[in-house]
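Residue-level listing of the chains:
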Amino acid sequence: MKFIHTSDWHIGRQFHNVSLLEDQRHVLDQIIAYIKSENADALVIAGDIYDRSVPPATAVELLDDVLHEICIELGVPVLMISGNHDSAERLRFGSRQLKQAGLHIFGELKQSAEPTLITGKSGITVNFYGIPYNDPEQVRNQFDAEVSNHNEAHSFLIDQIKHDIQQRQPAKSTSTPINVLISHCFADGAEESESERPLSIGGADRVSVEPMLDFNYVALGHLHSPQYRGKDHIRYSGSILKYSFSEQHQKKGVTLVELDAEGSPTITPLPLKALRDMRVLEGEMANIIEQGKTDPHADDYLMVRLTDTHALLDAMGKLRDVYPNVLHLEKPGIMAAGNSDKSKAMNREKLKRSELEMFRDFFIQ
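Residues numbered from 1 in each chain as written. Predicted model: local features only at pLDDT ≥ 70, side-chain atom pairs only at ≥ 80, totals over all residues. Heavy atoms only, no water.

*Asks:* Sorry, what's going on with the overall build of the protein chain here?
*Replies:* Of the regular secondary structure elements, the protein chain holds eleven helices and 19 strands. Taken along the three principal axes of its C-alpha coordinates, the protein chain extends 95 × 45 × 35 Å. Of all intrachain contacts in the protein chain linking residues separated by at least 6 positions in sequence, the fraction that spans at least 24 positions is 68%. Entry remark: accessible area of the protein chain is about 18,300 Å², with carbon and sulfur atoms responsible for 49%. When the 38 positive and 53 negative side-chain charges of the protein chain are each reduced to one mean point, those points stand 4 Å apart. (Helix = DSSP H or I, 4+ residues; strand = E, 2+ residues; numbered from the N terminus. Contact = heavy atoms within 4.5 Å. Areas by Shrake-Rupley, 256 points an atom, 1.4 Å probe, with all protein chains shown as cover. Lys, Arg positive; Asp, Glu negative; His and termini not counted. Charge placed at Lys NZ, Arg CZ, Asp CG, Glu CD.)

As structure tokens, this is what we get:
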């Protein structure tokens, strides 16, 4: 059984007031291509499908196009859970009817212990369990459970799933069922990025990986950096794009998982190539502008840190002549120069100059 694990699409996201919809469509087409080339039996999306609970119409249209091609044209089932950016109620609308088309949406906590069974082309059947994003209050209200934090709530839901697994196992059966868990959570000790919305304040959102060890594979969502926690089979696929400049060195992609008859996973990262990369450039403006004239990737999304220590007029406009997608500008050089004792003394001297001298300086700059 082969499936592709992905998460954190954030369809409809704006970055510094620039729509990333074209960039998202570019990488989603690559995921569809991987489904074809790898002959995958299913696609797993571990939450944060949209970037906000009420997505723009263009984001809904893009998701509709992608799911139609995968579920209807390719006939490949899709299993998705809601994330903290999604509205679980809106995302799961029509989910009972959509199951017949191969789209399985886990958006209801009380159904988290009810698996979706997918049989691959090799004849291996896998039980997929999905835990949509939740908070302790939801678990307390829906299950009348005594949980006080995210870890206790997540562990409670996993215990419900494990109870279901035991109930489904025939007493005299010699075969072991293959179980995959899909969850949107913050595994304790994992690496976070600036673009992730905190689930709670003060670290109370962390969950332990210990209860997840018994599953054959755990497809996690929420954290944007590809990584594993605890064991190699408990994994974050990471987001499909870089959504902050802190992620400039991350390698984005999806995860191909192949389970054998015993449920042992073979895990292969598959890279995604962005339409525009996200980079940070640092240096003096003259050097950056000169570099931009021959930069083959001048359309990348950029944050520029200028080290110039003198005033610069219309720095953003000049940079955008060669780098049209400069989205953020920092001037640490001027800040550092302005805070020095020498600079403060020079500023006092400048205040003593005549208006004509000050205008002459302004004109030269």
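*Asks:* Hey, could you run me through the sheet that holds strand β8 (residues 125–131) in this one?
*Replies:* Sheets are built from strands paired through backbone hydrogen bonds, the pairs being either parallel or antiparallel. Read across the open sheet, the six strands follow the order β7-β8-β9-β12-β14-β13; overall the sheet is mixed. Pairing within the sheet leaves two strands with one partner each, and these edge strands are β7 (116–119) and β13 (227–228). Two strands pair when backbone bridges link them, and β13 and strand β14 (residues 234–236) are joined in this way by two bridges, in the antiparallel orientation. The partner of Gln227 across the bridge, within β14, is Tyr236. Across the face of the sheet, helix α6 (residues 150–168) comes into contact with β8 and β9 (178–184) while running at roughly 155° to β8. (Pairing = 2+ DSSP bridges. Axes fitted to C-alpha atoms, helices over the stretch in contact; angles between N-to-C directions.)

*Asks:* Mind showing me how you'd approach a nonpolar patch on the surface here?
*Replies:* A contiguous nonpolar patch, built from Leu313, Phe359, Phe362, Phe363 and Ile364 and spanning about 610 Å² of accessible area, is present on the exposed surface. Of note, Ile364 is situated in helix α11 (residues 355–364). (Patch = residues over 30% accessible without salt bridge, like charges linked within 9 Å, V, L, I, M, F, W, Y side chains within 5 Å. Salt bridge = Lys/Arg side-chain N within 4 Å of Asp/Glu carboxyl O.)

*Asks:* What is the right way to look at the packing of helix α1 (residues 21–37) against helix α2 (residues 57–73) in this model?
*Replies:* Two elements in contact, α1 and α2, have axes whose closest approach is 11 Å; the angle formed by their N-to-C orientations is 10°. Taken together, the axes of α1 and α2 are roughly parallel relative to one another. Counting all contacts with α1, which are made through Leu21, Gln24, Arg25, Leu28, Ile32, Ile35 and Lys36, the residues of α2 involved are Thr58, Ala59, Leu62, Asp65, Val66, Glu69 and Ile70. (Parallel < 35°, antiparallel > 145°, perpendicular 65-115°, else oblique.)

*Asks:* Which parts of the structure should I look at to understand the sheet that holds strand β15 (residues 253–259)?
*Replies:* If you walk across this open sheet you meet the six strands as β6-β5-β4-β1-β15-β16, and the pairing is mixed. Two strands in the sheet have a free side with no partner beyond their single neighbour: β6 (103–106) and β16 (265–271). On average, each strand axis in the sheet is tilted by 20° relative to the strand beside it, whichever way the strands run. Summarising the sheet, strand β1 (residues 2–6) and β15 pair through four bridges and their orientation is antiparallel.

*Asks:* So what exactly am I meant to see when it comes to the pattern of salt bridges here?
*Replies:* Going through the model one piece at a time under the given rule, you end up with 20 salt bridges. One salt bridge in this structure joins Arg279 and Asp295, with 3.1 Å as the shortest N-O distance. With Arg279 in strand β17 (residues 278–283) and Asp295 in the loop between α7 (285–292) and β18 (301–306), the pair connects residues that are 16 residues apart, well separated along the chain. The class of Asp295 is buried, set by a relative accessible area of 15%. The residue Asp300 makes a salt bridge to Arg279 at a minimum N-O spacing of 2.9 Å. Pair noted here: Asp300 is in the loop between α7 and β18 and Arg279 is in strand β17, with a separation of 21 residues, a long-range link. The two residues Asp300 and Arg279 agree in class, both being buried. It is possible to trace a salt-bridge network through shared partners that takes in Glu22, Asp23 and Arg276. (Buried < 20%, exposed > 50% of the residue type's maximum accessible area, 1.4 Å probe, protein only.)

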